[in-house]
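Now for the letters of each chain:
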Amino acid sequence: MGYRFRLHAKELPGKPDLVLPRLKAVIEVRGCFWHGHQCPLFRWPGTRTAFWRDKIIANIERDARNREALLADGWRLAEVWECQLKGRGRKNPDQIIKSLAYFLESDVAFVSLGGVQTFSARDGE
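A brief report on the enclosed structure follows. As the structure is a prediction and not an experimental result, all values here were calculated from the model. (Residues numbered from 1 in each chain as written. Predicted model: local features only at pLDDT ≥ 70, side-chain atom pairs only at ≥ 80, totals over all residues. Heavy atoms only, no water.)

**Focus: the side chain of Asn66**
Defined as follows: Going along the chain from the N terminus, every DSSP run of H or I of four or more residues is numbered as a helix, and every run of E of two or more is numbered as a strand. Partly exposed residues are those whose accessible area sits between 20% and 50% of the maximum for their type, while under 20% is buried and over 50% is exposed, using a 1.4 Å probe and protein chains only. Note on contacts: a residue pair qualifies if any of its non-hydrogen atoms lie within 4.5 Å across the two residues.
Here Asn66 is to be found in helix H1 (residues 49–72). Among the residues examined, Asn66 registers a relative accessible area of 18% and is labelled buried. Leave out the neighbours within four places in its chain, and Asn66 touches Pro13 and Gly14.

Structure below.
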């Protein structure tokens, strides 16, 4: 579609997956397990539960800090959740592309394809 981007810009909080400097926009692709997304692709592991709860909750908290830092610095952010790309609830790839193109051409500060609902520390117990 002609968009110029960089991968994993180290100077930005969280080293976002895709950075589009001209549009002051970033796109993050989030794995539902690793980032604690409340969707059918996520299940709490049955073993080493304390380790995994702490790990995933720390990822969620870090994501929130990075999101706030990017937005505070004037960056616009789009999150694409794994469940939108695979599994029973996946969307048509053309839908995802159109949604991201709309975001990039708009002045919207934040969008989450798949919703922002993640687990909290209480949910892992």
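**A word on the pattern of salt bridges**
Definition in use: A pair is scored as a salt bridge if a Lys or Arg side-chain nitrogen falls within 4 Å of a carboxyl oxygen belonging to Asp or Glu.
Counted by the stated rule, this structure contains 7 salt bridges. Glu79 is paired through a salt bridge with Arg67; the nearest N and O atoms lie 3.2 Å apart. Placement of Glu79 in strand E4 (residues 76–81) and of Arg67 in helix H1 is noted, with a sequence separation of 12 residues between them. Both residues of the pair, Glu79 and Arg67, belong to the buried class.

**Overview of helix H2 (residues 93–105)**
Let me state the cut-off plainly: By definition here, a helix of n residues has an expected span of 1.5 Å times n minus one. Relevant arc is that of directions from the helix axis to the C-beta atoms, nothing else. Polar contacts, as used here, are pairs of N or O atoms within 3.5 Å; protein pairs need one atom able to donate a hydrogen and one able to accept it. Residues neighboring in sequence count only if both atoms are side-chain atoms.
Over its 13 residues, H2 runs 18 Å from end to end, which matches the ideal 18 Å to within 8%, given 1.5 Å per residue. Considered for burial, the residues of H2 that qualify are Ile96, Leu100, Ala101, Phe103 and Leu104. One side of H2 carries all its buried residues, which in axial view fall inside an arc of 160°. Counted as exposed and oriented over 90 degrees from the buried face of H2: Lys98, Tyr102 and Glu105. Structurally, H2 contributes buried residues whose contacts are with strand E2 (18–20), strand E3 (25–30), E4 and strand E5 (110–113). You can read the cap of H2 off the contacts: a side-chain oxygen lies 2.7 Å from the backbone nitrogen of Asp94, and it is on Asn92.

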